[in-house]
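Commentary on secondary and tertiary structure
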Amino acid sequence: MSGLRFAQAPPQKSLPLYNGQPRLAEFPAGGRKILSAKAIEAHRICGVSVTIRQYDPHDFAAIFKLDQSCFPPGIAYSKTMLKYYLAQPGAECLIAGDGARIAGFLISEENPPLGHIVTLDVAESHRRQGFGSLLLAESEAHLMFRGVRTVLLETATTNEAGIAFWERHGYRREAVLKNYYPGRLDAFEMRKLLSAAPRSKA
Ligand SMILES: CC(C)(COP(=O)(O)OP(=O)(O)OC[C@H]1O[C@@H](n2cnc3c(N)ncnc32)[C@H](O)[C@@H]1OP(=O)(O)O)[C@@H](O)C(=O)NCCC(=O)NCCS
């Protein structure tokens, strides 16, 4: 899997830079080498430094708890489902840290040229401060770097905040997936074409 990813990587000169250093680099994660970001201080939000880093298995309990708090029963993932998504060969989980605390996380999966956002969760106490935008911008940059050109996701048709967030970031409603969630709740399938244009504003 990693060989394929590296074969698809663009020339070194197009790597995004952070403080003059490549933001994306090869590093070992969970026993495999993936092409992704080193832990970086990516941003300051409300004067607090925020780090976007790769998921570590020690984070599992915290992200499970966060997911349970972000979604209603039936839509929130069970431990089994969360572990399943994290273990997929093309999966990447990015963590936004506010000091020692996890403010949010995003799980994506990829099969270039297609990518899929499995979930994006920001703690209620940290919402409307740019954490979701920061995670999404970082994830899209990683996906794009690995050859993804189209990103898909699903969100409940009743999730007004989620829909507003995705539309703000260029995702468009493609279809209604009837009874997608338990309890006969419908979902919008949303899609964005990634381009070399400047990244979404965080
Ligand atoms: C949706 C979610 C990820 C947004 O995260 P966030 O960190 O609050 O988002 P940001 O602060 O980066 O918001 C960026 C923009 O998205 C839009 N937006 C975000 N939340 C919104 C809300 N509740 N109502 C309307 N627009 C909203 C706004 O345009 C916002 O910009 P603004 O604050 O300058 O107006 C967060 O609310 C969340 O985790 N919700 C529960 C889980 C969920 O629904 N996830 C998405 C579906 S998978």
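Values in this document were obtained by computation on a predicted structure and should not be read as measured data. Throughout this description, residue numbers start from 1 for each chain and increase along the sequence as written. This being a predicted model, a pLDDT of at least 70 is required before a residue's local features are given, and a value of 80 or more before pairs of side-chain atoms are given or counted; all residues contribute to the totals for chains, interfaces and linings.

1. Details of the overall build of the chain
The numbering of helices and of strands both runs from the N terminus, where a helix is a DSSP run of H or I of at least 4 residues and a strand a run of E of at least 2. Broken down by element type, the chain carries 5 helices and 12 strands. Buried, partly exposed and exposed are defined by the number of other C-beta atoms within 10 Å of a residue's own C-beta, namely 20 or more, between the two limits, and 12 or fewer respectively, with C-beta atoms placed from the backbone. Scored against the burial criterion, the 202 residues of the chain give a buried share of 31%. The contacts of the chain with a sequence gap of at least 6 include a subset with a gap of at least 24, amounting to 57%. What counts as a contact is two residues whose backbone-derived C-beta atoms lie within 7 Å of each other.

2. Examining helix H2 (residues 60-70)
Here H2 has its buried residues at Ile63, Leu66 and Asp67. Looking down the long axis of H2, one finds its buried residues gathered within 100° of arc, a one-sided arrangement. Within H2, the exposed residues directed more than 90 degrees away from the buried face are Ala61, Lys65 and Ser69. Looking at the buried residues of H2, the elements they touch are helix H3 (79-87), strand E8 (101-111) and strand E9 (114-122). Note that the arc is defined by the directions from the helix axis to the C-beta atoms.

3. Description of the site of the ligand
Close to the ligand lie 19 residues; Arg127, Gly132, Ser133, Ala161 and Ala164 are nearest. Elements represented by at least two residues in the shell around the ligand include exactly E9, helix H4 (131-145) and helix H5 (160-168). In terms of residue count, the dominant contributor to the shell around the ligand is H5 (5 residues). Gly falls in the polar group here, along with every residue not listed as nonpolar (Ala, Val, Leu, Ile, Met, Phe, Trp, Tyr, Cys, Pro) or charged (Asp, Glu, Lys, Arg). When its residues are assigned to classes, the shell around the ligand shows 7 nonpolar, 8 polar and 4 charged. Only the C-beta atom, placed from the backbone, is used; a residue is near a molecule or strand if that atom lies within 6 Å of it.

4. Some points on the pairing of strand E10 (residues 150-156)
Pairing geometry for E9 and E10, over 4 bridges, is parallel. Bridging from a neighbouring strand, Ile117 pairs with Leu153 of E10. Any two strands are treated as partners once DSSP identifies two or more bridges connecting them. Bridge count for E10 against strand E12 (residues 185-193) is 7 bridges, and the pairing is antiparallel. Paired with Ala156 across the strands is Ala187, a residue of E12.

5. Focus: the nonpolar core
Take the buried Ala, Val, Leu, Ile, Met, Phe, Trp, Tyr and Cys residues, join any whose C-beta atoms are within 7 Å, and the set you get is a nonpolar core. In terms of nonpolar packing, the biggest core is built from 37 residues, with Ala96, Phe105, Leu106 and Leu135 touching the most fellow members. Among the elements that make up this core, the one with the highest residue count is H4 (8 residues). Setting aside residues no more than four positions away along its own chain, Phe105 makes contact with Ile63, Leu66, Cys93, Leu94, Ile95, Ala96 and Asp121.

6. Looking at the environment of Ile117
In this fold, Ile117 is placed in strand E9. Residue classification places Ile117 among the buried residues on the basis of 23 C-beta atoms within 10 Å. Sequence-wise, Ile117 and Ser139 are 22 residues apart; in three dimensions their C-alpha atoms are separated by 9.0 Å. Ignoring anything within four residues of it in the chain, the contact list for Ile117 reads Leu106, Ser108, Val151 and Leu153.

7. Here we look at the pairing of strand E7 (residues 91-98)
With 6 of 8 residues buried, E7 is to be regarded as a mostly interior element. Strand direction decides the pairing type here: strand E6 (residues 48-54) and E7, joined by 5 bridges, are antiparallel. Considered in E7, the bridge of Val50 is made with Asp98. As judged from the 8 bridges shared by E7 and E8, these two strands associate in the antiparallel manner. Directly across from Asp98, in E8, lies its bridge partner Arg101. The antiparallel pairing of E7 with E8 creates a hairpin that spans 2 residues between the two strands, and Gly99 there sits at a positive phi of about 65°.

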